[in-house]
Amino acid sequence: PVPRPDEVLVRVSSVGVCGSDIHYFEHGRIGRFTVDAPLVLGHEASGEVVGLGSAVSRLTLGQRVSLEPGVPDFACSQCLAGRYNLCTGMRFFATPPIDGAFAELVTIHEQFAHPVPDHLSDDAAALLEPLSVGLWACRKANVTAGSRVLITGAGPVGLVAAQCALALGASEVTVTDVNGHRLQLARDLGVTTAVDTGTTSLADSGVEPDVLLECSGRLEAIADALPTVARAGRVVLVGMGADEFPLPVSRIQEYELTVTGTFRYAHTWPAAISLAATGRVQLDVLVTGHYDLDHVREALTANRIDAKAVKPIVRPGA
C-alpha cells in the first residue's frame with residue numbers, strides 16, 4: 001500500500017488474535033457488522049515505520065509503533081466532542097469493509113501510530129489494543145482507589161481489565177470463568193478472588209461489587225452477575241456476543257444501578273503504554289502461541305481446540 005500524505009507505512013511485527021476476529025471467521029458478523037466480501041482480519045498490531053507520507057511530521061523511519069486501529073473522520077459531532085470512538089465515519093481495521101493487519105504492510109494515519117519504548121516487546125506493543133479496551137472499561141466504570149470490582153470472563157480483555165483495576169487502586173478484584181487455567185492466570189496476576197462459576201454459584205460467593213465489568217459476552221454471565229452489584233453500582237457491558245438481554249428493571253431502579261456499554265476506546269494509548277512499560281500491567285504472559293501468515297487459520301481456531309490458549313499472535317514476517 002502507498003501511504004497518503006498524513007499516513008505512515010508500517011511493516012507489521014505482531015498481531016493479536018481477538019475474539020472479534022474469531023467471531024467474524026466463524027459467524028461472518030458481529031452485531032450490525034456483516035462480512036459480505038473477502039476481508040483481511042487482525043486489528044491488534046505493532047510494527048516498524050518503513051515509509052512516510054509527504055505531510056508526516058511526528059514519526060521517523062525505523063520507529064517501533066503500536067497501532068490504534070480505528071481512524072475517525074475528525075469532523076463529526078462525536079469527534080469534536082472528543083468521543084472519536086463513536087465516530088460514524090470510523091475506518092477500523094478488520095471491520096467490514098476495511099481490511100486488517102494480518103498482512104506484511106499496512107498504512108495508517110500518523111496520529112494513530114504510537115511510538116513505544118525499546119524494552120516493550122513487539123507482542124506487548126500489539127496487545128496495547130486489548131489493554132485499551134480494559135482501560136476504557138475501567139474509566140467508564142469510574143474505577144478508583146477502594147473500588148470493589150467484579151469481572152466476568154477471564155479472557156484477554158478480562159485479564160487486562162483486572163490488571164487495570166488493580167493499577168487504578170481497586171481494593172477487591174474478583175474474576176469469574178469456567179476455565180481453570182485462565183482463573184489460575186488471573187490469580188497469578190494478583191486478583192483478590194477467582195471464582196469458577198462452573199462449580200460455584202456467584203450468588204453464594206459473597207461478592208458485592210461496586211463495579212461489574214462484563215467481559216464474556218455471555219447471557220448467563222450477565223444474568224448471574226448483575227444481581228450481585230451493590231446499591232449505586234456501575235455495570236459496564238464490554239464483551240460482545242448477545243444482541244439482546246432482558247434487564248431486571250426493578251432491580252436497576254431500586255438499587256439505582258448505572259448500566260452502560262463500551263465501544264472500543266478513546267485517548268487510551270498514552271496510559272496503556274505507561275502501564276505496560278512500567279510493568280503495572282503484564283501483557284507478554286498472555287501470549288500462548290505464534291503463527292505465520294500461512295497458519296492464520298490455526299491461530300483463529302487455537303482457543304477452540306486448546307483450553308490453555310489465551311492470546312495467539314500472528315507474526316506476518318515469520
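I will try to describe carefully the structure that is included in this document. Computed from a prediction, not measured in an experiment: that's the story for all the values here. (Residues numbered from 1 in each chain as written. Predicted model: local features only at pLDDT ≥ 70, side-chain atom pairs only at ≥ 80, totals over all residues. Heavy atoms only, no water.)

### Description of the nonpolar core
Stated formally: Residues belong to one nonpolar core when they are buried, are Ala, Val, Leu, Ile, Met, Phe, Trp, Tyr or Cys, and are joined through side-chain atoms within 4.5 Å. The buried label applies to any residue whose accessible area, calculated with a 1.4 Å probe on protein chains only, is under 20% of its type's maximum; exposed applies above 50%, and partly exposed to all values in between. Starting at the N terminus, helices and strands are each numbered in turn, a helix being any DSSP run of H or I of at least four residues and a strand any DSSP run of E of at least two. Contacts: residue pairs with any heavy atoms within 4.5 Å of one another.
Counting residues in each nonpolar core, the largest one holds 85 residues, and the members touching the most others are Leu-128, Leu-213 and Leu-283. A total of 7 residues in this core trace back to one element, the largest contributor, which is helix α4 (residues 128-140). Beyond its immediate sequence surroundings of up to four residues, Leu-213 is in contact with Ala-137, Cys-138, Ala-141, Val-149, Leu-150, Ile-151, Thr-152, Ala-161 and Val-236. Judged by nonpolar contacts, the second largest core, of 11 residues, contains Leu-212, Val-229, Tyr-255 and Leu-257.

### Things to note about the state of the cysteines
Note on terminology: disulfide describes a covalent bond linking the sulfur atoms of two cysteines. Definition in use: Two cysteine sulfur atoms make up a disulfide if the distance between them is within 2.5 Å.
Per the counting criterion, the structure on display carries 0 disulfides. The closest cysteine sulfur to the non-disulfide-bonded Cys-18 is located on Cys-215, 12 Å from its own sulfur. Lacking any disulfide linkage, Cys-79 is separated from the closest cysteine sulfur, that of Cys-76, by 3.7 Å. For Cys-79, a relative accessible area of 14% puts it in the buried group.

### A look at the side chain of His-114
Structurally, the position occupied by His-114 is in strand β9 (residues 113-115). Classification of His-114 by relative accessible area gives buried; the value is 12%. Ignoring anything within four residues of it in the chain, the contact list for His-114 reads Arg-64, Val-65, Ser-66, Glu-68, Trp-269 and Ile-273.

### Some thoughts on the layout of surface pockets
Note the cut-off: For cavity detection a 1 Å grid was placed over the protein atoms alone, and a set of points counts as a cavity when a 1.4 Å probe fits there but cannot get out; an open set counts as a pocket when protein lies on both sides within 12 Å along at least five of seven lines, with lining residues being those that have an atom within 4 Å of a point. Grid points are joined across faces, edges and corners, and a volume is the space filled by probe spheres set on the points. Under this grouping Gly is polar, as are all residues other than the nonpolar Ala, Val, Leu, Ile, Met, Phe, Trp, Tyr, Cys and Pro and the charged Asp, Glu, Lys and Arg.
Estimated volume of the second largest pocket: approximately 510 Å³. Taken together, 22 residues form the lining of the second largest pocket, with Glu-7, Arg-91, Phe-93, Thr-107 and Ile-108 sitting closest to its centre. When residues of the lining of the second largest pocket are assigned to their parent elements, the largest contribution, 5 residues, is made by strand β8 (residues 105-109). Tallied by class, the residues present in the lining of the second largest pocket amount to 12 nonpolar, 4 polar and 6 charged.

### Looking at α4
Applicable threshold: The length a helix should cover is 1.5 Å for every residue beyond the first.
The end-to-end C-alpha distance of α4 is 18 Å, a good match for the 18 Å that 13 residues give at a rise of 1.5 Å each. Among the residues making up α4, those that are buried are Leu-128, Glu-129, Pro-130, Leu-131, Ser-132, Val-133, Gly-134, Leu-135, Trp-136, Ala-137 and Cys-138.

### Observations concerning the pairing of strand β1 (residues 7-16)
The condition that has to hold: DSSP bridges decide pairing: two strands pair if at least two such bridges lie between them.
Counting buried positions along β1 gives 8 out of 10 residues, so the element sits mostly inside the fold. Both β1 and β8 contribute to a ladder of 5 bridges, which runs antiparallel. The residue of β8 that forms the bridge with Val-8 is Ile-108. The pairing of β1 with strand β4 (residues 44-52) spans 8 bridges and is antiparallel. Within the sheet, the bridge partner assigned to Leu-9 lies in β4 and is Gly-51.

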